[in-house]
Amino acid sequence: ERQKLARLRRLPAITADGQTVELQANMEIPAELPLVAQAGAAGIGLLRSEFLFMNRETLPDEQAQTETYRTIIEAMAGDPVTIRVLDWSGEKDIEALQSEGVVPEVGEQNPALGLRGIRLLLRRPELFETQLAAILRAATAGPTRVLLPMVTTVGEVRAAREVYERVVRRLRRRGERLPDPIPPLGIMIETPGAALSADALALEADFFAIGTNDLTMYTLAVDRSESDVASLYDPLHPAVLRLVQFATEAALRIRKPVSVCGELAANPRLTPLLLGLGLRSFSMNASAVPRVKQAVRAVSIDDCARFARRVMEQSDPVKIQALVMGAGEAAE
Ligand code: PEP
Ligand code: MG
């Protein structure tokens with residue numbers, strides 16, 4: 001079994017009927033780079049940049065950030081790297097942000113609904129600009145994309161793009177070498193608000209990354225770290241799947257790239273459903289890539305589309321579970 005999965009590393013992620021699928025890795029710390037290579041992932045679909053700000057007393061400056069991003073982009077040797085800008089939230093204890101007065105000292109009553117992700121970055125333009133400048137400079141080393149966390153309105157995307165363009169102009173004036181083209185600016189779809197306005201957001205963003213972890217939490221109003229309600233946390237709930245479908249179709253309609261980078265993408269039993277919804281790009285824990293590749297290679301798009309239609313007709317989570325688990329077994 002292990003040998004079989006190891007052999008998969010060199011095989012392409014392509015369905016039985018010849019559709020190419022992009023399988024990438026999520027990454028939290030650079031120490032995971034060897035795992036990404038081993039897993040046969042075609043790039044990094046989600047680099048959570050929080051690690052850069054953790055376990056230190058001061059904020060990393062532009063030069064330090066540039067070097068870290070460049071190391072990662074170079075290590076991917078031409079495969080794309082999607083860097084998500086800082087996704088701070090009140091429950092994440094990042095000392096440097098506190099000691100430098102970047103985040104409020106008094107904790108929020110409800111951090112999940114507070115000043116998190118893009119909201120903080122737009123309030124702290126110096127922090128945002130420094131990170132964007134570092135990403136832009138590092139991006140001369142290979143294909144790069146910039147991803148905004150926790151977007152809920154088109155206004156945030158417009159405001160973020162203004163900052164991004166300002167940073168480009170500033171670097172140009174400084175005489176820095178810039179990547180050509182300038183890396184696309186995309187957004188996470190991880191709140192019901194974003195998913196349901198995906199048609200409008202698709203006009204403003206260069207790409208979507210659907211984050212099913214937060215999307216599930218916000219849609220079902222369940223914090224999965226609270227054990228009393230954890231059993232209600234169900235990414236296969238029809239409400240979550242309908243949001244994924246709506247956002248995917250909004251992107252595909254105007255030919256904007258769309259991927260799934262939440263845990264949903266890491267489960268090979270869900271691969272037929274996601275392919276059937278029209279998705280062709282997934283990012284997951286590196287260790288999950290071989291099994292998902294195996295699932296991709298076992299199915300044809302027609303069968304997946306038929307299967308997805310059957311699933312999406314259901315409104316009972318129990319029936320959806322049963323369908324998905326059954327299809328998974330058939331594919332194995
Ligand atoms: C998500 O919310 O699904 C996601 C991928 O982001 P994170 O897990 O980092 O919150
Ligand atoms: Mg998230």
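Residues numbered from 1 in each chain as written. Chains lettered and ligands numbered in written order. Predicted model: local features only at pLDDT ≥ 70, side-chain atom pairs only at ≥ 80, totals over all residues.

- If you check an unreviewed UniProt entry, the chain appears there as Phosphoenolpyruvate-protein phosphotransferase from Rhodovastum atsumiense.
- A UniProt comment under Subcellular location (unreviewed entry) is attached to the chain, and it reads "Cytoplasm".
- The chain has a UniProt comment under Cofactor (unreviewed entry) that states "Mg(2+)". (UniProt positions renumbered as here; feature names shortened; annotations may be inferred.)

Description of the pairing of strand 4 (residues 144-148)
So, point 1. Of all five residues in strand 4, five are buried, a share of seventy percent or more.
So, point 2. A two-sided burial pattern is seen for strand 4, the buried positions comprising T144, V146 and L148 on one face and R145 and L147 on the other.
So, point 3. Pairing geometry for strand 3 (residues 81-84) and strand 4, over four bridges, is parallel. Looking at the pairing, I83 lines up with V146 of strand 4.
So, point 4. Sheet topology note: the strand 4/strand 5 (residues 185-189) ladder contains three bridges and is parallel. Of the residues in strand 5, the one forming a bridge with L147 is G186.
So, point 5. In this fold, strand 4 hands off to helix 7 (residues 154-174), which returns the chain to strand 5; that crossover is right-handed. (Buried ≥ 20, exposed ≤ 12 C-beta atoms within 10 Å, placed from the backbone. Helix = DSSP H or I, 4+ residues; strand = E, 2+ residues; numbered from the N terminus. Pairing = 2+ DSSP bridges. Right-handed = clockwise from strand over helix to strand, strands pointing away.)

Some points on helix 7
Given 3.6 residues per turn, any residue in an α-helix points the same way as the ones three and four places further on.
So, point 1. Its 21 residues place the ends of helix 7 30 Å apart at the C-alpha level, agreeing with the 30 Å of an ideal helix rising 1.5 Å per residue.
So, point 2. Here helix 7 has its buried residues at E156, V157, A160, Y164 and V167. All buried residues of helix 7 lie within an arc of 95 degrees about the axis, which places them on one face of the element. Structural note: helix 7 exposes G155, R158, E162, R169, R172 and R173 on the side pointing more than 90 degrees away from its buried face.
So, point 3. Next to the buried residues of helix 7 lie helix 5 (118-123), helix 6 (125-138), strand 4, strand 5 and helix 9 (198-204). (Expected span 1.5 Å × (residues − 1). Arc of directions from axis to C-beta. Contact = placed C-beta atoms within 7 Å.)

Quick word on the UniProt feature "binding site: Mg(2+)" (unreviewed entry) in the chain
So, point 1. This chain's UniProt record puts "binding site: Mg(2+)" (unreviewed entry) on E190 and D214. A compact arrangement is adopted by the annotated residues: their sequence extent is 25 residues, whereas the largest C-alpha distance between any two is 5.3 Å.
So, point 2. Residue placement: E190 occurs in the loop between strand 5 and helix 8 (192-196).
So, point 3. Judged by C-beta crowding, with 29 C-beta atoms within 10 Å, E190 ranks as buried.
So, point 4. When sequence neighbours within four positions are dropped, the list of residues in contact with E190 reads M150, G211, D214 and L215.
So, point 5. Relative to the helices and strands, D214 is located in helix 10 (residues 212-220).
So, point 6. Owing to 21 C-beta atoms within 10 Å, D214 belongs among the buried residues under this scheme.
So, point 7. Residues within four places of D214 in sequence aside, it is in contact with E190 and T191.

Examining the packing of helix 6 against helix 7
So, point 1. Close contact between helix 6 and helix 7 brings their axes to 9 Å; oriented N to C, the two are set at 60 degrees. With respect to helix 7, the axis of helix 6 lies oblique. In the packing of helix 6 onto helix 7, the handedness of the crossing is right-handed. Residues P125, F128, E129, L132, A133 and L136 of helix 6 form the contact with helix 7, whose own contacting residues are V163, Y164, V167, V168 and L171.
So, point 2. Across the contact of helix 6 with helix 7, the residue classes break down as ten nonpolar, no polar and one charged. (Axes fitted to C-alpha atoms, helices over the stretch in contact; angles between N-to-C directions. Parallel < 35°, antiparallel > 145°, perpendicular 65-115°, else oblique. Left-handed = near helix turned anticlockwise from the far one by under 90°. Nonpolar A, V, L, I, M, F, W, Y, C, P; charged D, E, K, R; others polar.)

Remarks on the nonpolar core
So, point 1. In terms of nonpolar packing, the biggest core is built from 98 residues, with I187, I189, F208, I210 and A247 touching the most fellow members.
So, point 2. Take this core: its biggest share by element is eight residues, from helix 6.
So, point 3. Residues in contact with I210, not counting those within four places in the same chain, are I189, L215, V244, A247, V258, S259, V260, C261 and G262. (Core = buried A, V, L, I, M, F, W, Y, C linked by C-beta atoms within 7 Å.)

Observations concerning the UniProt feature "binding site: phosphoenolpyruvate" (unreviewed entry) in the chain
So, point 1. Mapped onto this numbering, the UniProt entry gives "binding site: phosphoenolpyruvate" (unreviewed entry) at R48, R84, N213, D214 and R224. A maximum C-alpha distance of 22.8 Å among these annotated residues, which run over 177 residues, shows that they spread across the structure rather than meeting at one spot.
So, point 2. Along the polypeptide, R84 turns up in strand 3.
So, point 3. A count of 24 C-beta atoms within 10 Å places R84 in the buried class.
So, point 4. Aside from chain neighbours lying at most four places away, what touches R84 is L46, L47, R48, S49, L147 and P149.
So, point 5. Here R224 is to be found in the loop between helix 10 and helix 11 (238-253).
So, point 6. Ignoring sequence-local partners within four residues, the contact set of R224 consists of M217, A230 and Y233.

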